[in-house]
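A structural walkthrough
Listed here are the chains, written in short residue letters.
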Amino acid sequence: LLHVAFQPLYVLQLQEVFHFLRLHNQQQDLDKSKVDILLIILILLITFFLIYTYTLSLIDKSAGNINSIVNLFFYIFIIFVLWVPFFNTYYVISDRLIKVRSSFFYWEIPVDKIVSIQSKFSLISAPALSLHRLKITYLNEEGKNRYLLISPKNKSEFLDKLSEISNVKCNINK
């Protein structure tokens, strides 16, 4: 306990993050998102474009050192936001909930409120890294239909886990 009290705050925060990641990697019901190669290529192109434009701004000496530092932090932030979903987009099925995590966002879908699950090809922004998705339609607290698009790496395994705890109608081509 004493050595923890004297560690810098950032070390303690990093230790908590690594502990959290280890717990999530050990979970058996954790389903990672399927990743489309086209999405990876798109994010790589954007990343290289940002690096290229930053390099050009360094060559242009008229921008000044402060602008270069501000631009560097801006570009690093944008690149970080672009790549974070690849490392933490996942779905967890518990006995009552489907927990969805992507980037800095989190959703919980009560299993007993699921109306239907359909296979969908969609470009809409969603916690899914593939365009081949599952559309989960469910009732929210007000009783209105809502939906969430997800893309588990193994759809049939995900649906089998879900069917063990629920009798959801699925319109899926496994």
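So, a few notes on the structure that sits alongside this text. Everything quoted here is computed from the prediction, not taken from an experiment.

Analysis parameters
Note on numbering: residues in each chain are counted from 1, in written sequence order. It should be noted that, the model being predicted, local features are given only for residues of pLDDT at least 70 and side-chain atom pairs only at 80 or more, the latter also being counted only at that level, while totals for whole chains, interfaces and linings use all residues. Think of the side-chain values as coming from all heavy atoms in the structure, minus any hydrogens and water. Each helix corresponds to a stretch of at least 4 residues labelled H or I by DSSP, and each strand to a stretch of at least 2 residues labelled E; elements are numbered beginning at the N terminus. By definition, residues are in contact when any of their heavy atoms lie within 4.5 Å. The protein chains shown are the only cover counted for residues, whose accessible areas, like all others here, come from Shrake-Rupley with a 1.4 Å probe. Think of it in three bands: with a 1.4 Å probe and only protein chains considered, a residue is buried below 20% of the maximum accessible area for its type, exposed above 50%, and partly exposed in between. By arc we mean the arc of the directions from the helix axis to the C-beta atoms, nothing more. The salt bridge criterion pairs a side-chain nitrogen of Lys or Arg with a carboxyl oxygen of Asp or Glu, the two atoms within 4 Å. To estimate how far a helix should reach, multiply one less than its number of residues by 1.5 Å. What qualifies as a polar contact is a pair of N or O atoms within 3.5 Å, subject to a donor-acceptor requirement within protein and to the restriction that residues adjacent in sequence count only when both atoms come from side chains. Here the aromatic set is Phe, Tyr and Trp, taking the six-membered ring for Trp, and pairing holds for ring centres within 6.5 Å; pairs whose planes are under 30 degrees apart are stacked, those over 60 apart are edge-to-face, and all others are tilted. By the criterion adopted, a ring carries a charge over it if an Arg CZ or a Lys NZ lies within 6 Å of its centre and within 35 degrees of its normal.

**Considerations on the overall build of the protein**
Broken down by element type, the protein carries five helices and eight strands. Across the protein, contacts joining residues at least 24 apart in sequence account for 50% of those joining residues at least 6 apart. Here the protein displays about 12,000 Å² of accessible surface, and carbon together with sulfur accounts for 63% of that area.

**Things to note about helix H5 (residues 155–165)**
Spacing of three or four residues puts side chains on the same side of an α-helix, whose turn is 3.6 residues. Phe 158, Leu 159, Lys 161 and Leu 162 are the residues of H5 that are buried. Within H5, the buried residues cover an arc of 155° as seen down the axis, which keeps them to one side.

**Topic: the pattern of salt bridges**
According to the stated counting rule, one finds two salt bridges in the structure shown. For Asp 31, the salt bridge goes to Lys 161, with nearest N and O atoms at 3.3 Å. Of this pair, Asp 31 sits in strand E1 (residues 30–32) while Lys 161 sits in helix H5, placing them 130 residues apart in sequence. Residue class for Asp 31 comes out buried when judged on its relative accessible area of 7%. The buried category is assigned to Lys 161, whose relative accessible area is 15%. When the shortest N-O distance is used, the salt bridge between Glu 157 and Lys 161 registers 3.9 Å. Taken together, the residues span about one helical turn, with Glu 157 and Lys 161 both in helix H5 at a distance of four residues. Salt bridges sharing partners connect three or more residues here, namely Asp 31, Glu 157 and Lys 161.

**Concerning helix H3 (residues 37–59)**
Between its first and last C-alpha, H3 extends 33 Å over 23 residues, near the 33 Å set by a 1.5 Å rise per residue. Of all the positions in H3, only Ile 43, Thr 47, Leu 50, Thr 53, Tyr 54 and Ser 57 are classed as buried.

**Concerning unusual backbone geometry**
One can expect most non-glycine residues to show negative phi and most peptide bonds to be in trans. Phi angles above zero are rare outside glycine, and Ser 103 is one such case at about 60°. For Ser 103, the position within the fold is in the loop between strand E3 (97–102) and strand E4 (105–110).

**Comments concerning the side chain of Thr 89**
Tracing the backbone shows Thr 89 in the loop between helix H4 (65–88) and strand E2 (90–93). Looking at Thr 89, the relative accessible area reads 2%, which means it is buried. Of the polar contacts made by the side chain of Thr 89, one reaches the backbone oxygen of Pro 85; its length is 2.7 Å. A polar contact is formed between the side chain of Thr 89 and the side chain of Ser 102, at a distance of 3.0 Å. In this structure, Thr 89 is in contact with Lys 32, Ser 33, Arg 101, Ser 102, Ser 103, Pro 127, Ala 128 and Leu 129, ignoring residues within four places of it in sequence.

**What about the side chain of Ser 103?**
Looking at Ser 103, the relative accessible area reads 8%, which means it is buried. Look past the residues within four positions of Ser 103 in its chain and what remains in contact with it is Val 84, Pro 85, Asn 88 and Thr 89.

**Regarding the packing of aromatic side chains**
For the structure shown, the criterion picks out six aromatic pairs. Seen from their ring centres, Tyr 54 and Tyr 75 are 5.8 Å apart, and the 80° between their planes marks the pair as edge-to-face. Residue Tyr 54 is found in helix H3, and its partner Tyr 75 is found in helix H4; the two are separated by 21 residues along the sequence. For the pair formed by Tyr 54 and Tyr 75, the shared burial category is buried. Members of the aromatic cluster, joined through ring pairs, are Tyr 54, Phe 74 and Tyr 75. The ring centre of Tyr 147 lies 4.6 Å from the NZ or CZ of Lys 135, which sits over that ring.

Everything listed here is a matter of coordinates, which is why it stays silent on function.
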